[in-house]
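A structural walkthrough
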Amino acid sequence: VYQPITDIQNEQITGFEALSRWSHPERGSISPVEFIALAEETDLIIEVGDLVFSRAIELLSQLPQHVFININVSARQLDDDQFLQRVVDKIKQHGIAPRRLKLEITETMVVDFNKAKQWLVKCREIGFLVCADDFGTGHSGMEQLLELDFDVLKVDQVFVRNMFKDDRYKIIIESIADMAKRLNTKLVAEGVEYEKELQVLQKLGFDFGQGYLFGKPMSEEDAANLF
């Protein structure tokens, strides 16, 4: 399924995040927390990841040129030397510009900074944008910013949800916004649900927002029909 990502300033849908879902004929809906974790313990995550990229790229071929799709990349995919080449082959088959794919990696995946740097360089050479997912929730966020040159920071929803409950959350989100501007890094806010949150994010200069205020995860058909 695909959750809309909206341009914060003009409130227009400009992209989606691809989210894995499994609707089992006997067990019903299975949480990705369960099946992704199991797949990551084996090489099955490589096949699952390839399927997600194939489906997302097929959808991109039906969408306007300005629309992008964010896709989460697993640690095993990072270790797979042929992963990026397979993605490149897929986008070439469909005539998709590399900039329309944003690859999301979480802080917990970055154990070896040198290896991550090399991977980011490869992505940049191809033209893929790389996004730091759930930024601000781990212990090494600042080290990531120093060591890795991300194109996009995706600020975890915990800051958006709590910025009206606790001033400390608002101070941190303001600091992240200021820092991102100085580093020339795009910002995405996760978990946006209310108009008052949107107004604060607009003032802070956030680039994109994702959350129920803009749209719930939807099918490929519904995502295509939005345009």
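As a starting point, this report considers the structure included with it. (Residues numbered from 1 in each chain as written. Predicted model: local features only at pLDDT ≥ 70, side-chain atom pairs only at ≥ 80, totals over all residues. Heavy atoms only, no water.)

With that out of the way, let us pick up the overall build of the protein. When you go through the protein residue by residue, the secondary structure sums to 10 helices and 10 strands. Expected size for 227 residues packed as a compact globule is a radius of gyration near 17 Å; at 17 Å, the protein falls within 12% of this value. Of all intrachain contacts in the protein linking residues separated by at least 6 positions in sequence, the fraction that spans at least 24 positions is 66%. Surface summary for the protein: the accessible area is close to 12100 Å², and the carbon and sulfur share equals 49%. In the protein, the 25 positive side-chain charges and the 38 negative ones have mean positions that sit 3 Å from each other. (Helix = DSSP H or I, 4+ residues; strand = E, 2+ residues; numbered from the N terminus. Rg over C-alpha atoms; globule rule 2.2 N^0.38 Å. Contact = heavy atoms within 4.5 Å. Areas by Shrake-Rupley, 256 points an atom, 1.4 Å probe, with all protein chains shown as cover. Lys, Arg positive; Asp, Glu negative; His and termini not counted. Charge placed at Lys NZ, Arg CZ, Asp CG, Glu CD.)

Before going further, it helps to examine the packing of helix H8 (residues 167-183) against helix H9 (residues 195-204). When two helices pack together, their arrangement is given by the angle between the helix axes and by the axis-to-axis distance. With their axes 10 Å apart at the nearest point, H8 and H9 run at an angle of 35° to one another. The handedness of the crossing between H8 and H9 comes out as right-handed. Contacts from Lys-170, Ile-173, Glu-174, Ala-177 and Lys-181 in H8 reach Val-200, Leu-201 and Leu-204 in H9. Looking at side-chain class alone, the contact of H8 with H9 contains five nonpolar, no polar and three charged residues. (Axes fitted to C-alpha atoms, helices over the stretch in contact; angles between N-to-C directions. Left-handed = near helix turned anticlockwise from the far one by under 90°. Nonpolar A, V, L, I, M, F, W, Y, C, P; charged D, E, K, R; others polar.)

Helical geometry note: an α-helix holds 3.6 residues per turn, so side chains three or four residues apart project in the same direction. Between its first and last C-alpha atoms helix H4 (residues 83-94) spans 17 Å; for 12 residues at 1.5 Å apiece the expected length is 16 Å, and the two agree. Along H4, the residues that are buried comprise Phe-83, Leu-84, Val-87, Val-88, Lys-90 and Ile-91. One side of H4 holds all its buried residues, which, seen down the axis, span an arc of 160°. Among the exposed residues of H4, those pointing more than 90 degrees away from its buried face are Lys-92 and Gln-93. Taken together, the buried residues of H4 touch helix H2 (44-60), helix H3 (75-79), strand E6 (101-106) and helix H5 (113-126). Just downstream of H4, Gly-95 is the residue with a positive phi angle, here 65°. (Expected span 1.5 Å × (residues − 1). Buried < 20%, exposed > 50% of the residue type's maximum accessible area, 1.4 Å probe, protein only. Arc of directions from axis to C-beta.)

On to unusual backbone geometry. Positive phi, close to 60°, is recorded for Glu-11, a residue that is not glycine. The phi angle at Asn-184 is positive, at roughly 60°, despite the residue not being glycine. By the element assignment, Asn-184 lies in the loop between H8 and strand E9 (186-189). Residue Asn-184 is classed as exposed on the basis of its relative accessible area, which comes to 72%.

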